[in-house]
Amino acid sequence: MRALLFDKELNLSRDYPVPSPGKRESLIRVTHAGICNTDLEILKGYMGFHGIPGHEFVGIVEESSESTLIGKRVVGEINVTCGVCSFCRGHMQNHCKDRSVLGILNKNGAFAEYITLPDRNLHILADSVSDEEAVFVEPLAAAFQILKQVEIRPSSNVCVLGDGKLGILAARVISLKNCTPLLVGNHKEKLALLENNDIRTVLRSDFSENEFDVVIECTGSSEGVKTALDAVRPEGTIIVKTTVAGERAVDLNRLVVNEITMTGSRCGPFPEAIKAIEERRVETADLITGTFALDEFLEAFKLASDRGSLKVIFKIQNKPD
Ligand SMILES: [Zn+2]
Ligand SMILES: [Zn+2]
């Protein structure tokens, strides 16, 4: 099969072996896959990952030990867990001690014609959800995780830092709670996308507000947490979404003195994300900057790295080699 293989650099392999599904696993033919900021970080050395990246996908189940899945269009949760460790048994499966993560940790990902995932990771999609919408399920679920971690009320004063894909999705999810967040970004064109939503926007260069109850850090930059500490009120909460290659320096004295709660936030609930897309409560179509074939990966990654870009998608079609 064709697959994008990362080992120091990214290359297209045309004869990579099709993976074979293990016990209680499915073989999925990938139809679309999205490039995430995490993928760009992986190419810079994040997680020391080697192999096929890609974790935002939609595809068709071709083989499965679960007959009801065969032929179905699915999205999949990216953590492959052992089911027996103390975290798995304690309902913290995403933190399984023995996990692999699709396209991020010890498991080949979705920038390929085929992937395997455990049957229990898969969610069948309604026909009303397009493939282009479905690639947003994974990042939208990550945005919904915020609502599991901090209570957002209509009166909450919430700031989202970063006008990338995740920042915009986070602001849209926050606004579902009848709360009007402020989105802080660097790009006029991206902020303009939110004008029709119940979201306030401001350019980073004009941003001076502080004393927010909740600050959601989605900047994708190692400086983001520092900005969040400037913006949050005493006893407020910072949700940190950014992962970067390398360590970050933060002045923890400010955290202590101002008694701030800082919470890391990663993967989230797929069912909520799928439901929100099905019910058209969160828009995603306006976040697609470009769609490419797998063979055009250099162009695709170049566009995805462009600071003005949002989501870049691969449309993956099987070709006889
Ligand atoms: Zn991602
Ligand atoms: Zn486990």
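The preceding data block contains the structure.
Each chain has its residues counted from 1, following the order in which its sequence is written. Labels follow written order: the first chain is A, the first ligand is 1, and so on. Predicted model: local features are reported for residues with pLDDT of at least 70 only, side-chain atom pairs are reported and counted for 80 or more only, and whole-chain, interface and lining totals are derived from all residues. Computation of side-chain values: all heavy atoms of the structure, hydrogens and water removed.

Draft legend 1. Structural context of the overall build of the protein chain. A tally of regular secondary structure across the protein chain gives 10 helices and 17 strands. What the globule rule says is 2.2 Å times the number of residues to the power 0.38, and the radius of gyration is computed from C-alpha atoms. At 19 Å, the protein chain has a C-alpha radius of gyration in line with the 20 Å of a compact globule built from 321 residues. Each principal axis of the C-alpha atoms in the protein chain carries an extent, and together these give about 55 × 45 × 40 Å. Burial classification: accessible surface area is computed with a 1.4 Å probe over protein chains only, and a residue below 20% of its type maximum counts as buried, one above 50% as exposed, and the rest as partly exposed. The buried share of the protein chain, taken over its 321 residues, is 52%. To measure how exposed things are, a 1.4 Å probe is used in the Shrake-Rupley method; for residues, cover is taken only from the protein chains shown. Approximately 14800 Å² of the protein chain is accessible, and the part contributed by carbon and sulfur atoms is 47%. Counting 37 positive and 45 negative side-chain charges, the protein chain places the averaged centre of each group 3 Å from the other. Secondary structure elements are defined from DSSP: runs of H or I of at least 4 residues count as helices, runs of E of at least 2 residues count as strands, and each element is numbered from the N terminus. Only four residue types enter the charge count: Lys and Arg as positive, Asp and Glu as negative, with His and the chain ends excluded. Lys charges are placed at NZ, Arg charges at CZ, Asp charges at CG and Glu charges at CD.

Draft legend 2. Examining the packing of helix 4 (residues 137-149) against helix 5 (residues 165-175) more closely. Helix 5 packs onto helix 4 with a crossing angle of 50° between their chain directions and a minimal axis gap of 9 Å. Taken together, the axes of helix 4 and helix 5 are oblique relative to one another. With respect to the hand of their crossing, helix 4 and helix 5 are arranged in right-handed fashion. Together, Pro139, Leu140, Ala142, Ala143, Phe144, Ile146 and Leu147 of helix 4 and Leu166, Leu169, Ala170, Val173 and Ile174 of helix 5 make up the contact between the two elements. All residues other than Ala, Val, Leu, Ile, Met, Phe, Trp, Tyr, Cys, Pro, Asp, Glu, Lys and Arg, Gly among them, are scored as polar; the first ten of these are nonpolar and the last four charged. For the contact of helix 4 with helix 5, the residue count by class is 12 nonpolar, no polar and no charged. In this analysis an axis means a line fitted to C-alpha atoms, helices contributing only their contacting stretch, and an angle means the value between N-to-C directions, from 0 to 180 degrees. For classification purposes, angles smaller than 35 degrees are called roughly parallel, those larger than 145 roughly antiparallel, those between 65 and 115 roughly perpendicular, and all remaining angles oblique. A clockwise turn of the near helix away from the far one marks a right-handed crossing, whereas an anticlockwise turn of less than a right angle marks a left-handed crossing. Residues count as neighbours in contact if any of their non-hydrogen atoms are within 4.5 Å of one another.

Draft legend 3. View of the side chain of serine 64. Tracing the sequence through the fold places serine 64 in strand 4 (residues 56-64). Judged by its relative accessible area of 17%, serine 64 is buried. A distance of 2.8 Å separates a polar atom in the side chain of serine 64 from a polar atom in the side chain of serine 26. Separated by 3.2 Å, the side chains of serine 64 and aspartate 119 make a polar contact. Setting aside its immediate chain neighbours within four residues, serine 64 contacts Glu25, Ser26, Leu69, Ile70 and Asp119. Distance and chemistry together define a polar contact, namely a pair of N or O atoms within 3.5 Å, with one atom able to donate a hydrogen and the other to accept it when in protein, and with adjacent residues in sequence counting only for side-chain atoms on both sides.

Draft legend 4. The arrangement of the coordination of the zinc ion (ligand 2) in detail. Coordinating donors are taken as N, O and S atoms within 2.8 Å of the metal, stretched to 3.2 Å for Na, K and Ca; because water is absent from the atoms, sites can appear incomplete. Cys82 (SG), Cys85 (SG), Cys88 (SG) and Cys96 (SG) make up the full set of protein donors to the zinc ion (ligand 2), lying at 2.3 to 2.4 Å. Mapped onto the sequence, the residues coordinating the zinc ion (ligand 2) show the spacing C-x2-C-x2-C-x7-C. Using a relative accessible area of 12% as the deciding quantity, one classes cysteine 85 as buried.

Draft legend 5. View of the environment of isoleucine 277. Looking at where isoleucine 277 falls in the secondary structure, it is placed in helix 9 (residues 270-278). When the C-alpha positions of isoleucine 277 and lysine 311 are compared, they lie 16 Å apart, and in sequence the two are 34 residues distant. Excluding residues within four positions of it along the chain, isoleucine 277 makes contact with Val129, Glu133, Phe136, Val137 and Leu140.

Draft legend 6. Representation of the coordination of the zinc ion (ligand 1) within the structure. Each protein donor to the zinc ion (ligand 1) is listed here as Cys36 (SG), His55 (NE2) and Glu56 (OE); together their distances run 2.0 to 2.7 Å. Sequence spacing among the residues donating to the zinc ion (ligand 1) works out to C-x18-H-E. Here cysteine 36, found in the loop between strand 3 (25-35) and helix 1 (37-42), pairs with glutamate 56, found in strand 4; they are 20 residues apart in sequence, far enough to count as distant. Among the residues examined, glutamate 56 registers a relative accessible area of 1% and is labelled buried.

Draft legend 7. Region of interest: the packing of aromatic side chains. Only rings of Phe, Tyr and Trp enter the pairing, Trp through its six-membered ring, and a pair is recorded when the two centres are within 6.5 Å. The plane angle decides the type: under 30 degrees is stacked, over 60 is edge-to-face, the rest tilted. Under the definition given, this model contains four aromatic pairs. Their ring planes at 70° and their centres at 5.2 Å tell us that phenylalanine 111 and phenylalanine 314 sit as a pair that is edge-to-face. Within this pair, whereas phenylalanine 111 is found in the loop between strand 7 (100-101) and strand 8 (114-118), its partner phenylalanine 314 is found in strand 17 (residues 311-315), the two being separated by 203 residues in sequence. Just as phenylalanine 111 is buried, phenylalanine 314 falls in that class too. Taking the centre distance of 6.2 Å and the plane angle of 40° together, the rings of phenylalanine 301 and phenylalanine 314 count as tilted. Of this pair, phenylalanine 301 sits in helix 10 (residues 297-305) while phenylalanine 314 sits in strand 17, and the two are 13 residues apart along the sequence. Of the two residues, phenylalanine 301 and phenylalanine 314, neither departs from the other in class, the shared state being buried. Among the aromatic residues, those joined into a ring-pair cluster are Phe111, Phe301 and Phe314.

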